[in-house]
Structure formats: structure tokens, C-alpha cells
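A look at the structure
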Amino acid sequence: MAKIGVFDSGVGGITVLKEIIKNLPGEEIIYYGDNKYAPYGNRTVENIRELCLNIGEFLVKSKVDAIVIACNTATAASIDILKERFPFIPILGVIEAGARVAEETTASRCTGILATPATVAMGAYPRAIQSIDSSLSVIQRGCPEFCPMIEDGWEDTLENEEIVKGHLSHIPEQADTLVLGCTHYPIIKNIIARFFKGRIVDPAEETAISLRKELLLNSIKINESGKGHTEFYVSGDTEKFQKVAESFLGQKIEKIYQIDLSAINLSVINLNAS
Ligand code: DGL
């Protein structure tokens with residue numbers, strides 16, 4: 001059985017977790033949602049890196065075999081630094097997977113991206129997509145309101161629909177593909193779909209498939225027959241997290257531990273790594 005660490009700034013990584021469980025149902029997963037510090041998308045790159053290094057430390061101390069950065073903003077800001085700090089385990093982000101699917105999907109050679117302001121500012125998606133095919137055009141739009149509203153439990157009101165519509169009006173018609181470049185956004189995919197008629201790409205499934213391949217490539221034993229288990233940790237509000245996470249996962253979460261990694265000295269903690 002493999003032990004996999006999955007993290008996000010909050011509840012968005014649940015959209016990736018769901019795909020991981022679908023593709024690797026027998027593994028042990030530790031999920032960390034840093035919801036006290038969400039949204040990452042409005043933070044500086046240096047600050048996001050600091051938060052991610054703490055989470056990486058926590059997961060490595062928990063003896064995970066691999067880490068999935070189930071957050072585009074964290075991937076853009078910190079995948080290189082995490083790989084450098086923890087070179088002994090596979091570390092996957094979501095952007096490469098999203099870029100691959102976008103490139104395979106677009107027929108019009110034009111892809112729209114909805115992401116956090118930080119991901120947009122770092123230019124992570126245009127870079128990743130154009131490194132596959134430099135002739136593709138990529139139009140990005142930062143949506144600062146989405147993540148906090150989803151963390152709070154998105155309400156499907158006319159007013160909120162207007163916010164979605166407003167952002168999508170910046171994606172030109174020639175874009176036939178739209179990447180949900182923030183892992184929170186699949187939670188409101190049905191609302192986004194009201195205003196985008198092309199193909200909507202969620203990098204989660206491709207990320208989970210890549211994780212499976214990566215585990216096998218690294219000879220990390222996976223459990224094909226048994227039933228896995230996920231342990232949930234958050235830094236902030238457990239109730240809000242539980243509500244949104246359970247609704248997207250479609251299952252009850254029995255226990256959520258609250259631990260603010262930024263407020264403790266991880267070096268003195270000896271985690272029970274079973
Ligand atoms: N879910 C995250 C992402 O994929 C982060 C959202 C945020 O905290 O701003 O970018």
C-alpha cells in the first residue's frame with residue numbers, strides 16, 4: 001500500500017483527491033487543506049513557498065511515498081523548490097497535466113484559462129502549454145473571488161452567476177477549450193458551463209493517472225485489491241471544509257484534524273508514521 005500526501009490551500013484539492021481515489025482506491029492518503037491561509041491566489045510567491053515548504057515537511061515526516069500538489073497556485077509557486085528540498089520522493093503538480101490535456105483537446109488552437117491572480121501572474125499555464133506547442137494561443141483570466149466564495153460554500157444565486165459570466169466574457173470566442181486552472185473551480189463547473197460552450201478541462205483526472213504511472217515507475221507498491229483510507233487535516237475551519245468536501249466527494253468524512261503547520265515548529269514534532 002502506498003502512502004500519498006495531497007495538499008491544497010483548502011477544499012479545492014478535494015477535486016483532485018476524488019480522482020486519485022478513483023484511480024488508486026486502495027491507498028492510504030493524507031490530505032492537508034491550508035484553509036486558514038486561503039486564498040493562496042492573493043498571496044506573494046515567497047509567502048506561498050513558505051507555506052508549501054511547511055506542508056511538504058509535514059507530509060514527509062508522515063512518511064508519504066509521493067506528494068501531489070493539488071493546487072495550481074502552489075504548483076506554480078513551489079513545485080521546483082519542493083522537488084529540490086525533497087528529492088527522494090516523487091512530487092507532482094497539476095499544471096503539466098492540465099497543459100497536456102488542453103493541448104490535446106483544442107482544435108481551434110486557442111485555449112482559455114481561469115485561474116487565481118497569482119497563477120495568472122506567474123504565467124504558469126501559457127508557459128506549460130506553449131512548451132508543448134509554441135503556436136498555441138492561451139488567454140488567461142484571474143478570478144480573485146472564486147476561491148473564497150467556494151471555501152465559504154458557493155451559493156447559486158443570480159448575483160454570483162454574474163461574477164462567473166463577467167470573467168468568462170474575457171475569454172474570446174475562438175477559444176474552444178477552457179482549463180479550470182484552479183482546483184477549486186470544478187466545484188462550480190456546472191455554473192461555468194452555463195457561459196462556456198466549448199470543452200472544459202479539469203486537470204484532476206490526468207494528474208491522478210500520472211500519479212499512478214509515477215508510483216509504478218518508482219516501484220512503489222500499490223494496493224490493487226484492498227480498500228484505502230484518507231486522513232484529513234486542515235489549518236482553519238473544520239466545519240466549512242467538511243460541508244463542501246463531503247458534498248463534492250459524495251461521502252461522509254468521519255474525522256478532520258485541525259493543525260496549523262505555520263504556527264508550530266515542525267522540527268520538534270515526531271509524527272506517528274505508521
Ligand atoms: N485551489 C488552488 C489552485 O488550484 C488555490 C486557490 C487559492 O487558494 O487561491 O490554485
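Residues numbered from 1 in each chain as written. Predicted model: local features only at pLDDT ≥ 70, side-chain atom pairs only at ≥ 80, totals over all residues. Heavy atoms only, no water.

Focus: the sheet that holds strand β8 (residues 199–201)
The strand order β6-β5-β7-β8 describes an open sheet built from 4 strands, whose pairing is parallel. Each of the sheet's edge strands pairs with one partner strand only, and the pair in question is β6 (137–142) and β8. Neighbour to neighbour, the strand axes of the sheet diverge by 25 degrees on average, direction disregarded. Its contacts with the sheet put helix α6 (residues 124–132) on β5 (110–115), β6 and β7 (177–180), and the angle it makes with β6 is roughly 160 degrees. (Pairing = 2+ DSSP bridges. Helix = DSSP H or I, 4+ residues; strand = E, 2+ residues; numbered from the N terminus. Axes fitted to C-alpha atoms, helices over the stretch in contact; angles between N-to-C directions. Contact = heavy atoms within 4.5 Å.)

Overview of the site of the ligand
Near the ligand lie 13 residues; those nearest to it are Ser9, Tyr40, Asn72, Thr73 and His184. One of the backbone N or O atoms of tyrosine 40 is found 2.7 Å from an oxygen atom in the ligand. Between the ligand and the protein, one listed contact pairs an oxygen atom with a backbone N or O atom of threonine 183 at 2.8 Å. Across the complex, the protein chains shield 99% of the 300 Å² of accessible surface that the ligand would expose by itself. Each residue belonging to the shell around the ligand can be placed in one class, and the counts come to 5 nonpolar, 7 polar and 1 charged. (Near = heavy atom within 4 Å. Polar contact = N/O pair within 3.5 Å; in protein donor to acceptor, adjacent residues only side chain to side chain. Areas by Shrake-Rupley, 256 points an atom, 1.4 Å probe, with all protein chains shown as cover. Nonpolar A, V, L, I, M, F, W, Y, C, P; charged D, E, K, R; others polar.)

A closer look at helix α2 (residues 45–61)
Taking 1.5 Å of rise per residue, 17 residues should cover 24 Å, and α2 covers 24 Å from first to last C-alpha, within 8% of that figure. Contact partners of the buried residues in α2: β1 (3–8), β2 (28–33), β3 (66–69), α3 (72–85), α5 (117–122) and β9 (229–234). One or two steps after α2, the chain reaches lysine 63, where phi turns positive at roughly 65 degrees. (Expected span 1.5 Å × (residues − 1).)

Regarding the packing of helix α4 (residues 95–105) against α6
Taken N-terminus to C-terminus, the directions of α4 and α6 make an angle of 55 degrees; their axes are 9 Å apart at the nearest point. Here α6 runs oblique to α4, going by the angle between their axes. α4 and α6 meet at a crossing whose hand is right-handed. Listed contacts from α6 to Ile95, Gly98, Ala99, Arg100, Ala102 and Glu103 of α4 are Ala124, Tyr125, Ala128, Ile129 and Ile132. Tallied by class, residues from the contact of α4 with α6 come to 8 nonpolar, 1 polar and 2 charged. (Parallel < 35°, antiparallel > 145°, perpendicular 65-115°, else oblique. Left-handed = near helix turned anticlockwise from the far one by under 90°.)

Looking at helix α10 (residues 204–217)
Along its 14 residues, α10 runs 20 Å from first to last C-alpha, staying within 8% of the 20 Å computed at 1.5 Å per residue. When we look at burial in α10, the residues that qualify are Ala204, Glu206, Thr207, Ala208, Ser210, Leu211 and Leu215. Looking at the buried positions of α10, the neighbouring elements they touch are β1, α1 (14–23), β3, β4 (91–92) and α4. One or two residues past the end of α10 sits serine 219, with phi positive at roughly 55 degrees. (Buried < 20%, exposed > 50% of the residue type's maximum accessible area, 1.4 Å probe, protein only.)

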